[in-house]
Amino acid sequence: MMQRITKELLNQAIVDIETVNDNIDILLDVDKYIYSEDLYKFNEKNKLEFIPLTFNITIPAIFKYFKYIKEYNNLIDRKKSLNYNVDDHNRMYLDKKHEIFEKECGKVENRELDYEQVDAIVREDKNQLVIAGAGCGKTTTIVGKVKYLVKVLGVKPEEILLLSFTRKSAADMKLRVEKEIGSKMECYTFHKLGLDITKQELNDVNIFEGSLHGFVKNQLQIQLQNEDYMYALLYFL
């Protein structure tokens, strides 16, 4: 059955529009970084259903409907620009964090960091991908990130997980971070971290140190005695 459009229905719809506008103001006024998932949840929570004009409208509601359309369209325009407004909000928020970093941390490894390095340090995204060539200061940026976490955000060194690919690079990063923050700091390789986690669950952990080629060859010879495995391998290849 077609919904009857009354003055009371439109009044409530206009109130709902005002509520969403207020919620947008609150969202953009928060003193924190707005994540993409925060914006998604906000949009899901603040959805409004449009009331189309039909012949099933009362006379007193006709003039009210024109006000409703105006308010609704203004809200739609505002929601369309919300992504840009959130970007501006986050940029201003990060600019404040830049100032705090410069004041509290200053130089890192006796170097003035450029804008992009400081941006990578103070950003509060849940994950970041930093792409840079050799010698551009990626490790210095990591050292600066740890310094910022410890000095500005009050994070304890033991609460920070530092990972590197090789023992040499992990040892180098450990020395550089410890020198910068003035306290002990662990830096793991991925293998060392995995081994330590495994040791927490198993009393006896054997580390394979032989030839990987020989190990794979030996395991294949053993597994190929199983006809099902052989067919599965042939299908995979």
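Structure shown above.
Summarised in this report is the structure supplied together with it.

The tally for this structure, following the rule as stated, stands at 12 salt bridges. Glu178 is paired through a salt bridge with Lys174; the nearest N and O atoms lie 2.8 Å apart. Residue Glu178 and its partner Lys174 are both found in helix α7 (residues 167-181); the two are separated by four residues, about one turn of the helix. Its relative accessible area of 13% is what places Glu178 among the buried residues. The network of salt bridges with shared partners includes Arg91, Asp95, Asp119, Arg123 and Asp125.

Turning our attention to the environment of Gln3. Within the fold, Gln3 resides in the segment before α1 (7-29). Residues Gln3 and Ile57, 54 residues apart in the sequence, show an inter-C-alpha distance of 8.7 Å. In contact with Gln3, other than residues within four places in its own chain, are Leu9, Ile51, Thr54 and Asn56.

What follows covers unusual backbone geometry. Positive phi, close to 55 degrees, is recorded for Glu109, a residue that is not glycine. Relative to the helices and strands, Glu109 resides in the loop between α4 (82-104) and α5 (115-122). Positive phi values are uncommon outside glycine, yet Asn110 reaches one of about 60 degrees. You can see Asn110 is positioned in the loop between α4 and α5.

This paragraph deals with the packing of aromatic side chains. Taken as a whole and assessed by the stated rule, the structure comprises seven aromatic pairs. Taking 5.8 Å as the distance between ring centres and 35 degrees as the angle between the ring planes, the aromatic pair formed by Tyr68 and Tyr72 counts as tilted. Of the two residues, Tyr68 and Tyr72 both sit in helix α3 (residues 59-80), four residues apart, roughly one turn of that helix. Note on Tyr68: relative accessible area 1%, which makes it buried. Every member of this aromatic cluster is reached through a ring pair, and the members are Phe50, Tyr65, Tyr68 and Tyr72.

Time to look at helix α9 (residues 212-223). In a regular helix each residue adds 1.5 Å, so 12 residues correspond to 16 Å; α9 covers 16 Å between its end C-alpha atoms and thus fits that length. By the N-cap criterion, in which a side-chain oxygen at the helix start approaches the backbone nitrogen of a residue two or three places on, α9 is capped by Ser211, the distance to His213 being 3.3 Å.

Turning next to the layout of surface pockets. Size it by volume and the largest pocket reaches roughly 960 Å³. Along its surface, the largest pocket is lined by 32 residues, and Val130, Lys138, Ile142, Leu162 and Leu163 are the ones closest to its centre. Residue assignment for the lining of the largest pocket shows that the elements contributing at least two residues are α5, α6 (138-151), β1 (163-164) and α7. With eight residues, the single largest contributor to the lining of the largest pocket is α6. Looking at the lining of the largest pocket residue by residue, the class counts come to 15 nonpolar, nine polar and eight charged. The volume enclosed by the second largest pocket comes to roughly 330 Å³. Taken together, Phe165, Thr166, Arg167, Thr189, His191, Lys192, Leu195, Ile207, Phe208 and Glu209 make up the full set of residues lining the second largest pocket. Counting residues per element, the lining of the second largest pocket draws most heavily on helix α8 (residues 190-201), at three residues. Taken together, the residues that form the lining of the second largest pocket break down as four nonpolar, three polar and three charged.

Parameters at a glance
Residues numbered from 1 in each chain as written. Predicted model: local features only at pLDDT ≥ 70, side-chain atom pairs only at ≥ 80, totals over all residues. Heavy atoms only, no water. Salt bridge = Lys/Arg side-chain N within 4 Å of Asp/Glu carboxyl O. Helix = DSSP H or I, 4+ residues; strand = E, 2+ residues; numbered from the N terminus. Buried < 20%, exposed > 50% of the residue type's maximum accessible area, 1.4 Å probe, protein only. Contact = heavy atoms within 4.5 Å. Phe/Tyr/Trp six-rings, centres within 6.5 Å; stacked < 30°, edge-to-face > 60°. Expected span 1.5 Å × (residues − 1). Polar contact = N/O pair within 3.5 Å; in protein donor to acceptor, adjacent residues only side chain to side chain. 1 Å grid on protein atoms, 1.4 Å probe; cavity = no way out; pocket = protein on both sides within 12 Å on 5 of 7 lines; lining within 4 Å. Points joined across faces, edges and corners; volume = space filled by probe spheres on them. Nonpolar A, V, L, I, M, F, W, Y, C, P; charged D, E, K, R; others polar.

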